[in-house]
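Residue-level listing of the chains:
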Amino acid sequence: QVQLVESGGGLVEPGGSLTLSCVASRKFFSIATMAWYRQVPGKQRELVALLDTVGATNYEVSYADSVKGRFTISGDSAISAASRSDPTVNLQMSNLQPEDTAVYFCTIDGWLEEWTGRVNYWGKGTLAAVSS
């Protein structure tokens with residue numbers, strides 16, 4: 001079993017910044033995608049940022065329109081993730097606004113071993129609150 005642990009949430013004023021980190025508890029053979037979602041009570045979980053590995057050493061990133069230019073996702077490529085004992089994905093958030101207040105979840109999708117099927121894991125979430 002794999003655990004993803006998020007950290008870095010907190011309370012900031014509008015215009016402030018936070019950096020969220022997510023660390024997996026074990027090594028993956030290969031990673032397909034790493035992503036951050038967020039959820040506000042009473043609403044559906046929404047995709048915030050996606051890191052999609054392309055080949056062994058590259059990846060493509062995409063963002064929700066509401067966070068473009070303010071949020072940056074970073075993490076391991078497929079091959080570098082395979083060499084790490086603790087694959088990590090980060091989300092740098094700047095110019096935060098009250099509407100960014102949510103619980104943020106990380107997810108990693110990939111293969112734990114060469115011979116196993118593709119699996120998907122989620123963290124338990126970290127709260128980022130923006131208020132004056």
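Going by the structure above, here's the rest.
Just so you know, these numbers come straight off a predicted model, no measurement behind them.

Engineer: Summarise the pattern of salt bridges; cite the residues concerned and give the values.
Structural biologist: Applying the stated criterion across every chain yields a total of 6 salt bridges. Of the charged contacts, one joins R26 and E113 as a salt bridge, the two residues approaching to 2.9 Å between their closest N and O atoms. With a gap of 87 residues between them, R26 in the loop between strand 3 (18-24) and strand 4 (30-39) and E113 in the loop between strand 9 (102-111) and strand 10 (118-122) connect regions that are remote in the sequence. Judged by its relative accessible area of 28%, R26 is partly exposed.

Engineer: Lay out the sheet that holds strand 8 (residues 88-93) with the relevant residues and their values.
Structural biologist: Ordered in space as 1-3-8-7, the 4 strands form an open sheet in which the pairing is antiparallel. Looking at strand neighbours, the two that pair on one side only are strand 1 (4-7) and strand 7 (71-75), the edges of this open sheet. Sheet twist, expressed as the mean angle between neighbouring strand axes with direction ignored, is 15°. Here 4 bridges tie strand 1 to strand 3, and the two strands are oriented antiparallel to one another. Its bridge partner lying in strand 3, L4 is registered against A24.

Engineer: Can you lay out the nonpolar core for me, pointing to particular residues and giving the numbers?
Structural biologist: L4, F28, W36, F71, L91, M93 and Y104 are the most contacted members of the largest nonpolar core, which totals 30 residues. Secondary structure elements with two or more residues in this core: strand 3, strand 4, strand 5 (46-54), strand 7, strand 8, strand 9 and strand 11 (126-130). Setting aside its immediate chain neighbours within four residues, F71 contacts R38, V48, Y63, L91, Q92, M93, S94, L96, D100 and Y104.

About the thresholds
Residues numbered from 1 in each chain as written. Predicted model: local features only at pLDDT ≥ 70, side-chain atom pairs only at ≥ 80, totals over all residues. Heavy atoms only, no water. Salt bridge = Lys/Arg side-chain N within 4 Å of Asp/Glu carboxyl O. Helix = DSSP H or I, 4+ residues; strand = E, 2+ residues; numbered from the N terminus. Buried < 20%, exposed > 50% of the residue type's maximum accessible area, 1.4 Å probe, protein only. Pairing = 2+ DSSP bridges. Axes fitted to C-alpha atoms, helices over the stretch in contact; angles between N-to-C directions. Core = buried A, V, L, I, M, F, W, Y, C linked by side-chain atoms within 4.5 Å. Contact = heavy atoms within 4.5 Å.

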